[in-house]
Amino acid sequence: MKAKYIILRFARKPFRFAIDKARRYFLYAGGISILLAKTVFLSLAPPYRRRQTLDQMNRIGVASFPIVFLISLFTGMVLALQSAYQMQKMSAEMYIASLVALSVTRELGPVLTALIVAGRCGAAITAELGTMKVTEQVEALETLSANPVQYLVVPRFLALVFMLPLLTIYADFFGIVGGYLIGVGKLNITHSMYIKMTFEPMAVKDVVIGLVKSGVFAGIICLISCWEGLEAEGGAEGVGKATTQSVVRSFILIIVADCFITALFYFIR
């Protein structure tokens, strides 16, 4: 009888563990959803914090231009070089321009830009808000009758939603430029042919979908980063843990969202 009790006790542990994990994930998703609803509502309600929003645009967008430029330029160059191996075997070098342009505008531009911003700015947002949380500055805002979501989250949300699509356009342009440098300078494709094969197969839908993706990615980065920062606890160690979780979860959700959006626009009619 005792052995049976022990077996049942250990058999229930995996079930309890699964239930506990599912409960935590549902609570996390619910908290993120509530934060999203509050952020969208307060974004439309006065007072409008224009100065804080412009400051966040400078930190998130303008300061990210150099790294986005470098990564997008070299990504376009590498993509052109790698595709040249197979294209040259089929004497189809001119299609490298189309491959680079469509790959960058549909996928690499928005995804790489979002990953860069999540790693660079998302981590900074979580660390900043987490430090404010553990030092009780967030509670001080509430004491002063200031809504922490409106004061801390809304300016970052608006800055990300506005600047990430602009960074994506910037990345698309320099990704195509990188492919152009390799195609014209290394593969001996003529300038006119490269330009023609870049824009002929490209539709407005390709660019628009990339911008839609970047808008969704901006919301993901802001909500995950701010939520992790506002829920941080346990001093410096807790802030470090929250920052790590923010970056990892943002990366995962960006890739998952990209998969769903791509399937929605390209494979579901």
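Refer to the structure presented above.
Definitions and cut-offs
Residues numbered from 1 in each chain as written. Predicted model: local features only at pLDDT ≥ 70, side-chain atom pairs only at ≥ 80, totals over all residues. Heavy atoms only, no water. Helix = DSSP H or I, 4+ residues; strand = E, 2+ residues; numbered from the N terminus. Rg over C-alpha atoms; globule rule 2.2 N^0.38 Å. Buried < 20%, exposed > 50% of the residue type's maximum accessible area, 1.4 Å probe, protein only. Contact = heavy atoms within 4.5 Å. Axes fitted to C-alpha atoms, helices over the stretch in contact; angles between N-to-C directions. Parallel < 35°, antiparallel > 145°, perpendicular 65-115°, else oblique. Left-handed = near helix turned anticlockwise from the far one by under 90°. Nonpolar A, V, L, I, M, F, W, Y, C, P; charged D, E, K, R; others polar. Patch = residues over 30% accessible without salt bridge, like charges linked within 9 Å, V, L, I, M, F, W, Y side chains within 5 Å. Areas by Shrake-Rupley, 256 points an atom, 1.4 Å probe, with all protein chains shown as cover. Salt bridge = Lys/Arg side-chain N within 4 Å of Asp/Glu carboxyl O. 1 Å grid on protein atoms, 1.4 Å probe; cavity = no way out; pocket = protein on both sides within 12 Å on 5 of 7 lines; lining within 4 Å. Points joined across faces, edges and corners; volume = space filled by probe spheres on them. Polar contact = N/O pair within 3.5 Å; in protein donor to acceptor, adjacent residues only side chain to side chain.

Q: I would appreciate a short explanation of the overall build of the protein chain in the present structure.
A: In terms of regular secondary structure, the protein chain is built from nine helices and zero strands. Mapped in sequence order, the helices and strands of the protein chain form the string α-α-α-α-α-α-α-α-α. For the protein chain, whose C-alpha radius of gyration is 23 Å, the value lies well above the compact-globule estimate of 18 Å for 269 residues. Each of the three principal axes of the protein chain carries a C-alpha extent, and together these read 75 × 60 × 40 Å. Split into buried and exposed, the 269 residues of the protein chain put 42% on the buried side. For the protein chain, the proportion of contacts with a sequence separation of at least 24, taken over those separated by at least 6, is 86%.

Q: Is there a simple way to think about the packing of helix α4 (residues 96-134) against helix α9 (residues 235-266) in this case?
A: Helix packing for two helices is described by the angle between their axes and how far apart those axes are. Two elements in contact, α4 and α9, have axes whose closest approach is 8 Å; the angle formed by their N-to-C orientations is 150°. As summarised for this structure, α4 and α9 are arranged roughly antiparallel, according to the angle between their axes. For the pair α4 and α9, the sense of crossing is right-handed. Classifying every residue of the contact of α4 with α9 by side-chain character gives 14 nonpolar, 10 polar and three charged.

Q: I would appreciate a short explanation of a nonpolar patch on the surface in the present structure.
A: Judged by side-chain polarity, V204, V208, V212, V216, L264 and F265 come together as a nonpolar surface patch covering roughly 490 Å² of accessible area. Elements with a contribution of two residues or more to the nonpolar patch: α8 (204-230) and α9. Looking at the nonpolar patch, the element that brings in the most residues is α8, giving four residues. Here V216 lies in helix α8. On the basis of relative accessible area, V216 is assigned to the partly exposed category, the value being 36%.

Q: Explanation requested: the layout of surface pockets in the structure shown.
A: Over the atoms, a rolled probe matching the size of one water molecule traces out where space is still vacant. In this model, the largest pocket occupies a volume close to 490 Å³. R24, Y28, E228, Q245 and R249 are, among the 15 residues lining the largest pocket, the residues nearest its centre. At the level of secondary structure, the elements contributing two or more residues to the lining of the largest pocket comprise α1 (2-43), α8 and α9. Considering only residue class, the lining of the largest pocket consists of six nonpolar, two polar and seven charged. Around the second largest pocket sit 14 residues that line it, and K38, V149, W227, L230 and E231 are the ones nearest its centre. Counting residues per element, the ones that place at least two in the lining of the second largest pocket are α1, α5 (137-143), α6 (148-185) and α8. When residues in the lining of the second largest pocket are grouped by element, the largest group, four residues, is from α1. Looking at the lining of the second largest pocket residue by residue, the classes come out as seven nonpolar, two polar and five charged.

Q: Looking at this model, I keep getting lost on the side chain of S83. Mind explaining?
A: The residue S83 is located in helix α3 (residues 65-89) in this model. What makes S83 buried here is its relative accessible area of 11%. A polar atom in the side chain of S83 sits 2.9 Å from the backbone oxygen of L79. Among the polar contacts made by the side chain of S83, one reaches the main-chain carbonyl oxygen of A80 at a distance of 3.1 Å. Residues in contact with S83, not counting those within four places in the same chain, are I96 and L99.

Q: Help me understand empty space enclosed by the protein in this model?
A: For the structure on display, the rule yields one cavity of 30 Å³ or more. Volume-wise, the largest cavity comes out at about 80 Å³. For the largest cavity, the lining is made up of 13 residues, of which S72, L108, G109, L112 and A171 are closest to its centre. Examining the composition of the lining of the largest cavity, we find that six residues originate from one element, α4, more than from any other. Across the lining of the largest cavity, the residue classes break down as seven nonpolar, six polar and no charged.

Q: Any chance you could explain the pattern of salt bridges here in plain terms?
A: Going through the model one piece at a time under the given rule, you end up with eight salt bridges. Between R59 and D55 there is a salt bridge whose closest N-O contact spans 3.3 Å. Placement of the pair is R59 and D55 together in helix α2 (residues 50-60), with a separation of four residues, close to one helical turn. Of the residues examined, R59 reaches a relative accessible area of 41% and is grouped as partly exposed. A relative accessible area of 32% places D55 in the partly exposed class. Of the charged contacts in the structure, one is a salt bridge between K213 and E107, with a shortest N-O distance of 2.6 Å. Linking K213 in helix α8 with E107 in helix α4, this pair joins segments that are 106 residues apart in sequence. Three or more residues joined by partner-sharing salt bridges are found here, namely D55, R59, E128 and R156.

It is worth stressing that arrangement in space is one thing and function is another; only the former is reported here.
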